[in-house]
Amino acid sequence: MQLNREQLLAAYRMMRTIRDFEDRVHTEFSAGGIPGFVHLYAGEEASAVGICMNLDERDKIASTHRGHGHCIAKGCDVDGMMGEIFGKSNGLCGGKGGSMHIADLSKGMMGANGIVGGGPPLICGAALTAKTLKTGGVAVAFMGDGASNQGTTMESFNLAKAWNLPVIFVVEDNGYAESTGSNWSVSGTQLGRAAGFGIPAVQVDGLDFFAIYDAAHEAVERARNGGGPSLIHGKLNRYYGHFEGDAMTYRGEGEVEMLRRDHDPLNFFRKRVTEAGLLEAAQLDEIDATVQAEIDASVVKAKGAAMPVASKLLTDVYVSY
Amino acid sequence: MSTQILMPALSPTMTEGKLAKWLKKVGDDVRSGDVIAEIETDKATMEVEAVDEGKLAKILVEEGAEGVAVNTPIAVLASDGETVSAQPPAAPAPAPIAAAAPLAAAPAPVAAAAAPDKDWGPTTPQTVREALRDAMALEMRADDRVFLLGEEVAQYQGAYKISQGLLDEFGPRRVIDSPITEHAFTGMAVGAAMNGLRPIVEFMTFNFAMQAIDQIINSAAKTLYMSGGQMGCPIVFRGPNGAASRVGAQHSQCYASWYAHCPGLKVVAPWSAADAKGLLRAAIRDPNPVIFLENEILYGQTGDVPTDADFVLPIGKAKIERAGTDVTIVAFSIMVGTALKAAEILAEQGVSAEVINLRSLRPLDTETIVASVKKTSRLVSVEEGWPFAGIGAEITMQIVENCFDWLDAPPARVHGLDVPLPYAANLEKLALPQPDWIVNAVKKLV
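J.: I'd like a description of the packing of aromatic side chains, backed by residues and values.
T.: Counted under the stated rule, the structure contains 17 aromatic pairs over all chains. With centroids separated by 4.8 Å and ring planes inclined at 65°, the aromatic side chains of Phe157 of chain A and Phe169 of chain A adopt a geometry described as edge-to-face. With Phe157 of chain A in helix H6 (residues 151-162) and Phe169 of chain A in strand E3 (residues 167-173), this residue pair connects regions lying 12 residues apart in the sequence. Phe157 of chain A gets classed as buried once you look at its relative accessible area, which sits at 1%. A network of ring pairs unites the aromatic residues Phe185, Phe203, Phe206, Phe237, Tyr255, Trp258 and Tyr259 of chain B as a single cluster. It is Lys161 of chain B that lies over the ring of Tyr156 of chain B; its NZ or CZ is 3.8 Å from the centre. Against the face of Trp406 of chain B rests Lys374 of chain B, its NZ or CZ located 4.3 Å from the ring centre.

Structure representation (structure tokens):
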């Protein structure tokens, strides 16, 4: 699939935004400015962006506890996200959700999810709605290799196929379910599991935005055209711990440094588009600078924003009518 | 310098009382510690001792006055030698609690708190099963977004034949058979509700909903709050709850207190056929997730159901099924029938029991229960489920918090025994509340 210059610039900009956002959350967390639990997506950017660039406003995604990248790729406001993570009133959920529950339904982002395997059933519901109301929308469930072992995930495979729902299951396999290696904890293969349900599936290199984009393009077309669910298994890497504060004693010596140096999705993208003459390095450098400034501004806004007012404590428990 | 003497409170929950008697008259000298008046509530009498000293200059509330709010000035005390003008004292700051309390002079606080059911006019006899089906059909006709999803609901017409005829009328798009996969189909329905549909999820029994409770609590109940009000979840989870007959422990559990514990959920438990129809229609229309606890044994029972096309019952309002004066018996679902049987036995023995059908567990109609207990001064709660942290525990606490002073005896609970439900018919019967359990509980209180 050939992307035009604007699309390539947008893809890079989105990946850079995710990287800088996560790096900055890491720094702010270390400095003690973030009150709660965060799980960072740095290193996995090509997946969220490669998938979501195939989606439009009709489409829904369900995310995971590692949801910041999915939010940004689906168009959530960066200031609102930073505010939410800081637990401030300018947050997307008014500070009542936090990192693990960031949601913006107006962008089709049904929420990060603190329950491993919570998203796949919910996204089947979004797909059922799209099919029932004939919106033409598709629905994407992001999950990790850990969630791939949950019963809800396999039950959702079954339902999606049984009802021919417009769903794409994206397994973001970073090799570790928290600290548990997927090399021994996932029996069989992701492709074999999908095949068992009759779901077309493909494995892609999570480093490679273009491979992910193409796989997603095919899956989204299939779903939009009534061809039912698909699965994409991305092999990718995370640079930070399962959560901020994780000492990562389970990772090999020098493993992360090697990944950052030799398997970085942003470097890969930059090399690919500049060597092919599609974009100039200077254009990418300019994006780097503007994104950095935007993230800086989002942190300033988050720090300056008011705490949620106490009167919000008891609201939004029920819809009144 | 004059001092106002205020109506004292006998207890932290007292809001008003009767000024029974003045023991001093205008012009009398008052020394600190003197008994100046007697105050009565329907529970106790207390002597009012003077704190300050002086001459009783004016009596503002005459003896015999009822319904005097706590903190109302009842008299004026003048310092020795001071003369007090005849002008009335400044109006006291209103006591908010007292203002909300019913006047003691009102003859029937119960009637005010629990308005009788609206008269819906003509009725027709129906089974609970038919009433539930009709409620769904009416709401599905009215709103194309409403659909029914569950195991065996379509082709088989429902494991308990609740959905008879619905597939024929509404077709497979709106009456959907699911594989046996509770956790996923529940989550799927929640996701559909978040995105604009209005699902009714039938659990073959609520025992199987334990497979899905993560999605019910973590997704359906909490997402509105977590998302700062963005994503509501208009959904009904319905199916039989509690014990049936000889189906053993895994198919015989009451989940009322499990769900009623959780903010974000509403919990409804109908007893009669009219309850079933009116409350299910309300549940389907509600923009929040509603747990609708049915009972297998009640499905075949017949009752009079209003034929009015608009018939609906409000969630959060209890119904006084039988009026009485000596004890309040609170029950829900199948235990309402058990409580009514007990009330008949008690009536033969000269005890007048008031039986409240809760209908809703969250929100709980505390107002109706409290008004009844203020009248009867005794409470017995009845539930089929286990006692520990059960619905009865909550109701008892509500009574302690709201009308402790009206009680003439400690509140009592009747409940299923604290064991997994046994299979054998004799043991099963021994484990579930019977009318005589309620009769015995009441007789310990009266």
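J.: Let's hear about the environment of Gly196 of chain B: which residues, and what values?
T.: For Gly196 of chain B, the position within the fold is in the loop between helix H5 (182-194) and strand E12 (198-202). A residue is classified by how much of its surface remains accessible, and Gly196 of chain B, at 30% relative accessible area, is partly exposed.

J.: Before we move on, can you summarise the interface of chain A and chain B with the specific residues and values?
T.: In this assembly, 36 residues from chain A lie in contact with 41 residues from chain B. When chain A packs against chain B, close to 3,200 Å² is buried across both sides, 65% of that on carbon and sulfur atoms. Inspection of the region where chain A meets chain B yields zero salt bridges. Where chain A packs against chain B, one counts 16 residue pairs in polar contact (both at pLDDT 80 or more). The greatest single-element share of the side of chain A that touches chain B, amounting to nine residues, is contributed by helix H5 (residues 119-133) of chain A.

J.: Go over the environment of Val291 of chain A with me, naming the residues and quoting the values.
T.: Residues and elements named next belong to chain A. Following the sequence through the fold, Val291 ends up in helix H12 (residues 281-304). Taking the C-alpha atoms as reference, Val291 lies 9.8 Å from Arg19; in sequence the two are 272 residues apart. Apart from the residues within four sequence positions on either side, Val291 is in contact with Arg13, Arg16, Thr17 and Asp20.

J.: Tell me what's going on with the nonpolar core, and back it up with residues and numbers.
T.: Formed by 139 residues in total, the largest nonpolar core has its most connected members in Phe169 and Phe209 of chain A together with Phe237, Tyr259, Leu358 and Leu361 of chain B. Broken down by element, this core gets its largest block of residues, nine residues, from helix H9 (residues 209-224) of chain A. If we skip the residues at most four places from it in the chain, Phe169 of chain A touches Pro120, Cys124, Ala141, Met143, Ser156, Phe157, Ala160, Ile199, Pro229, Ser230, Leu231 and Ile232 of chain A. Counting 35 residues, the second-largest nonpolar core is a separate cluster that includes Leu167, Leu280, Ile284 and Phe311 of chain B.

J.: Residues and numbers for the pairing of strand E8 (residues 73-78) of chain B, please.
T.: Residues and elements named next belong to chain B. Burial analysis of E8 places six of its six residues in the buried class, which makes it a mostly covered element. Taken together, the four bridges between strand E6 (residues 54-59) and E8 define a ladder with antiparallel strand orientation. Looking at the pairing, Ile59 lines up with Ala75 of E8.

J.: Any chance you could break down helix H9 (residues 273-285) of chain B for me, citing the residues and the numbers?
T.: Residue and element names in this part refer to chain B. A rise of 1.5 Å per residue sets the reference length of H9, with its 13 residues, at 18 Å; its end C-alpha atoms lie 19 Å apart and thus fit the reference within 8%. With 12 of 13 residues buried, H9 is to be regarded as a mostly interior element. Residues of H9 that are buried include every one of Ala273, Ala274, Asp275, Ala276, Lys277, Gly278, Leu279, Leu280, Arg281, Ala282, Ala283 and Ile284, and no others.

J.: How would you summarise the confidence of the model for chain B if you had to cite specific residues and measurements?
T.: Per-residue pLDDT for chain B has a mean of 89; in total, 90% of the residues score no lower than 70. Overall fold confidence (pTM) sits at 0.82, and the ipTM for the predicted complex is 0.91.

J.: Tell me what's going on with unusual backbone geometry, and back it up with residues and numbers.
T.: With an omega of -5°, the peptide bond between Arg362 of chain B and Pro363 of chain B qualifies as cis. If you trace the backbone, Pro363 of chain B turns up in the loop between strand E20 (360-362) and helix H11 (366-376). Positive phi, normally seen in glycine, also occurs at Glu178 of chain A, with a value near 55°. In the Ramachandran plot, Gln157 of chain B falls in the positive-phi region, its phi being about 70° despite a non-glycine side chain. Relative to the helices and strands, Gln157 of chain B is located in the loop between strand E10 (146-150) and helix H4 (166-170).

J.: Before we move on, can you summarise empty space enclosed by the protein with the specific residues and values?
T.: Residue and element names in this part refer to chain B. Going through the model one piece at a time under the given rule, you end up with five cavities of 30 Å³ or more. The space that makes up the largest cavity amounts to roughly 110 Å³. Taken together, 14 residues make up the lining of the largest cavity; nearest its centre are Ser252, Glu384, Trp386, Leu421 and Leu432. Grouping the amino acids of the lining of the largest cavity by side-chain chemistry returns nine nonpolar, four polar and one charged.

J.: Could you give an account of the sheet that holds strand E22 (residues 412-414) of chain B, naming the residues involved and the relevant values?
T.: Residues and elements named next belong to chain B. The five strands are arranged E17-E19-E18-E21-E22 in an open sheet whose pairing can be described as mixed. Looking at which strands have only one partner, the edges of the open sheet turn out to be strand E17 (319-322) and E22. This sheet shows a mean twist of 25° between the axes of neighbouring strands, independent of strand direction. As defined by bridge partners, strand E18 (residues 327-331) adjoins strand E19 (residues 353-357) across five bridges and the pair is classed as parallel. Of the residues in E19, the one forming a bridge with Ile329 is Val355. Across the sheet, H11 lies against E17, E18, E19 and strand E21 (379-382), angled at about 175° from E19, the strand it touches most. Along the sheet, helix H14 (residues 435-445) makes contact with E18, E21 and E22, crossing E21 at roughly 160°.

J.: Would you mind going over the side chain of Lys60 of chain A in detail, with residue names and values included?
T.: Checked against the element boundaries, Lys60 of chain A lands in strand E1 (residues 60-62). Buried Lys60 of chain A, no salt bridge; nearest opposite-charge side chain is Asp59 of chain A, N-O distance 8.4 Å. For Lys60 of chain A, the side chain forms a polar contact with the side chain of Asn195 of chain B, separated by 2.6 Å.

J.: An account of the packing of H5 of chain B against helix H6 (residues 213-221) of chain B is requested, with residue identities and associated values reported.
T.: Residues and elements named next belong to chain B. Put simply, H5 and H6 touch, their axes get as near as 8 Å, and they point 15° apart. It follows from the interaxial angle that H5 and H6 lie roughly parallel. Along this stretch, H5 crosses H6, giving a crossing that reads as right-handed. The segment H5 lies against H6, with His183, Thr186, Gly187, Val190 and Met194 engaging Asp214, Gln215, Ile216, Ser219 and Ala220. Among the residues forming the contact of H5 with H6, the class breakdown is four nonpolar, five polar and one charged.

What counts and how
Residues numbered from 1 in each chain as written. Chains lettered and ligands numbered in written order. Predicted model: local features only at pLDDT ≥ 70, side-chain atom pairs only at ≥ 80, totals over all residues. Heavy atoms only, no water. Phe/Tyr/Trp six-rings, centres within 6.5 Å; stacked < 30°, edge-to-face > 60°. Helix = DSSP H or I, 4+ residues; strand = E, 2+ residues; numbered from the N terminus. Buried < 20%, exposed > 50% of the residue type's maximum accessible area, 1.4 Å probe, protein only. Lys NZ or Arg CZ within 6 Å of the ring centre and 35° of its normal. Contact = heavy atoms within 4.5 Å. Buried area = accessible area lost by both parts, 1.4 Å probe. Salt bridge = Lys/Arg side-chain N within 4 Å of Asp/Glu carboxyl O. Polar contact = N/O pair within 3.5 Å; in protein donor to acceptor, adjacent residues only side chain to side chain. Core = buried A, V, L, I, M, F, W, Y, C linked by side-chain atoms within 4.5 Å. Pairing = 2+ DSSP bridges. Expected span 1.5 Å × (residues − 1). pLDDT = per-residue confidence, 0-100. 1 Å grid on protein atoms, 1.4 Å probe; cavity = no way out; pocket = protein on both sides within 12 Å on 5 of 7 lines; lining within 4 Å. Points joined across faces, edges and corners; volume = space filled by probe spheres on them. Nonpolar A, V, L, I, M, F, W, Y, C, P; charged D, E, K, R; others polar. Axes fitted to C-alpha atoms, helices over the stretch in contact; angles between N-to-C directions. Lys, Arg positive; Asp, Glu negative; His and termini not counted. Parallel < 35°, antiparallel > 145°, perpendicular 65-115°, else oblique. Left-handed = near helix turned anticlockwise from the far one by under 90°.

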